[in-house]
Amino acid sequence: MFTEEAFRGNFLVLSEDVLSIHRTADTMVSDEPKESTAKARGCLMIRLRTKSDIAAVLRERGIRLKKSLGQHFLIDHNLLDFIVRSADVAEPDLVLEIGGGSGLLTRRLAKAAAHVVTVEIDERLAALCRDHTADLHNITLLGCDALESKTALNPDVERAVRSAMESQGAARLKVVANLPYSVSTAVIQALLECPLPIELMVVTVQKEVSEKLAAQPGTGGYGPLSVIVQAHARVEELRRLKPGVFFPQPKITSSVVRLTPTDETLSRIVSYEVFAELVKSLFLHRRKKATGALALAERFKMPREELSAAFDKAGVSNDTRADRLSVKQIVRLANELVEPELSQ
Ligand code: SAH
C-alpha cells in the first residue's frame, strides 16, 4: 500500500494562508486564482471540471484508463451533486469512498463532510486524485485494493476509517461511491458484513446489479446477493444513469442506489454463518424445491423427516421452490437449522 506519506515528495504542503486563498477562490466564479497560486508554489494542484480537462490531464500523464478496473468517471455535475445530496452528507459525517478516480466526487464529498477516506487501487489515478484535491485537507487517500479477498474488506481500509472517525470526532459513517463495476457486488457485500458502523450507503452500480439488490422472490434477479443485502439494509433505487454521463462512456446503464442498514432482520438471525451457508446452498439449485436443494448440500444433510420438520417449524411449505423463499422465510429456516447443527 502507498499512503499519503509516499506522495509527500511530490507535493508542497500548503500553508494556512494558501489554503485560505484557496477557500476564497472556491467561492469565486473562476478557479483560476487557485490554480495559479498552487502552481506558483510548485504544487501539482490541478482543477478538473469537464471531460476535456480530464482527457487532457490523462494525455499529459500518459495514463490509459483500464476497463478492467471500471475506470469510468462520473462527469455530470448535477448528478455528482445529486449523489452527495441523496446521502445527505453534512458536517458530522465521515465518508468512505471506494474508487477515488479523478477526484471529482471526492472533492464534493470533502467540501460537505467532516472527513473523507478515499481508496484508489490505481497508483496513477491515486496521484491524480491527490493533485485534484491538494487544497482540501480533510481527505485520507489510501492507495490500495479496497478488498482483501472476494468477500472481505481490506483491513487497512477499516483501520483508516476507524482512526479518522476517532481523530475527527465524526459521528456518522457513510459510504458514497461510484463503484468500479468489476467489484461492485463484492464491495457492497463486504461493507455490509464488516463491523464498521455504516449508517448509509449511496452507490452507483450497473443497472443489473441494482435490480439484483432490490429483487423480490420468484423474479429472475433474485439471488444470494438480494437476500444477503436485504437482510442488512433497506434498498432504494434512486435514479438511472445513461452511459453519456460518464467518461469514458461505458456500454451499460448505471443506477444510483441507496442502502440504509437496519438491524431489523439481522437481529433475528441466530447464526449468521448458518444463514449465509443456507443462502448459498439454496441458490445453487434455485429452481429445485428448497427441500431438494438442501438435500444436495453437504452442510444440511439430515434425515428427510428432520428437514421437513424444520420447514414446518419455520412455517415454510415443503413444496416451495428455493428461489421463491422470502428473506424472512430463509431467516426462519436458518434458525431452525442451527439447532440440529449444534447438537451434532
Ligand atoms: N469516483 C470516481 C471514479 C469512479 S471509477 C468518479 O466518479 O469519477 C472507479 C474507480 O475505482 C477507478 O478509479 C478504479 O481505478 C478504482 N478501483 C477499481 N477497483 C478498485 C478496488 N478494488 N479498490 C479500490 N479502487 C478500485
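Keep in mind that this is a model prediction, so the values were computed, not measured. (Residues numbered from 1 in each chain as written. Predicted model: local features only at pLDDT ≥ 70, side-chain atom pairs only at ≥ 80, totals over all residues.)

**Student:** So what exactly am I meant to see when it comes to the overall build of the protein here?
**Tutor:** Counting its regular elements, the protein contains 16 helices and nine strands. Split into buried and exposed, the 344 residues of the protein put 42% on the buried side. Restricting the contact set of the protein to residue pairs at least 6 apart, pairs at least 24 apart contribute 64%. (Helix = DSSP H or I, 4+ residues; strand = E, 2+ residues; numbered from the N terminus. Buried ≥ 20, exposed ≤ 12 C-beta atoms within 10 Å, placed from the backbone. Contact = placed C-beta atoms within 7 Å.)

**Student:** Can you help me understand the site of the ligand in this one?
**Tutor:** If you check the shell around the ligand, you find 24 residues, and the closest are F73, G99, G101, N178 and P180. Across the shell around the ligand, the residue classes break down as 13 nonpolar, eight polar and three charged. (Near = placed C-beta within 6 Å. Nonpolar A, V, L, I, M, F, W, Y, C, P; charged D, E, K, R; others polar.)

**Student:** Sorry if this is basic, but what is going on with the pairing of strand 3 (residues 115–119) here?
**Tutor:** Counting buried residues along strand 3, five of its five residues qualify, which places the element largely inside the surrounding structure. Across the two faces of strand 3 the burial is the same, with H115, V117 and V119 and V116 and T118 all buried. Direction of pairing for strand 2 (residues 93–98) relative to strand 3: parallel, over a ladder of five bridges. The residue of strand 3 that forms the bridge with L96 is V117. Considered for its hand, the β-α-β crossover made up of strand 3, helix 7 (residues 123–132) and strand 4 (residues 139–142) is right-handed. (Pairing = 2+ DSSP bridges. Right-handed = clockwise from strand over helix to strand, strands pointing away.)

**Student:** What is the right way to read unusual backbone geometry from this model?
**Tutor:** The bulk of non-glycine residues show a negative phi, and the bulk of peptide bonds are trans. Following F247, the chain continues to P248 via a peptide bond in cis, the omega torsion being -10°. With respect to the helices and strands, P248 occurs in the loop between strand 8 (246–247) and strand 9 (254–261). Positive phi is not limited to glycine here, since D88 has a value of about 50°. Assignment of secondary structure puts D88 in the loop between helix 5 (77–86) and strand 2. Owing to 14 C-beta atoms within 10 Å, D88 belongs among the partly exposed residues under this scheme.

**Student:** Can you walk me through the packing of helix 9 (residues 184–193) against helix 11 (residues 224–232) in this structure?
**Tutor:** Between two packed helices, the angle of one axis relative to the other and the distance separating the axes together describe the packing. Running from N to C, helix 9 and helix 11 cross one another at 35°; their axes reach a closest spacing of 10 Å. Pair helix 9 / helix 11 crosses with left-handed handedness. Contacts between helix 9 and helix 11 involve T185, I188, Q189 and L192 from the first element and L225, I228, V229 and H232 from the second. By residue class, the composition of the contact of helix 9 with helix 11 is five nonpolar, three polar and no charged. (Axes fitted to C-alpha atoms, helices over the stretch in contact; angles between N-to-C directions. Left-handed = near helix turned anticlockwise from the far one by under 90°.)

**Student:** Would you take a moment to explain the pairing of strand 9 for this structure?
**Tutor:** Remark: a regular strand shows side chains that alternate across the two faces of the sheet. Within strand 9, six of the eight residues are buried, which leaves it mostly tucked inside the rest of the structure. As paired strands, strand 6 (residues 198–206) and strand 9 are joined by six bridges and run antiparallel to one another. Along strand 9, the bridge assignment pairs Q206 with S254.

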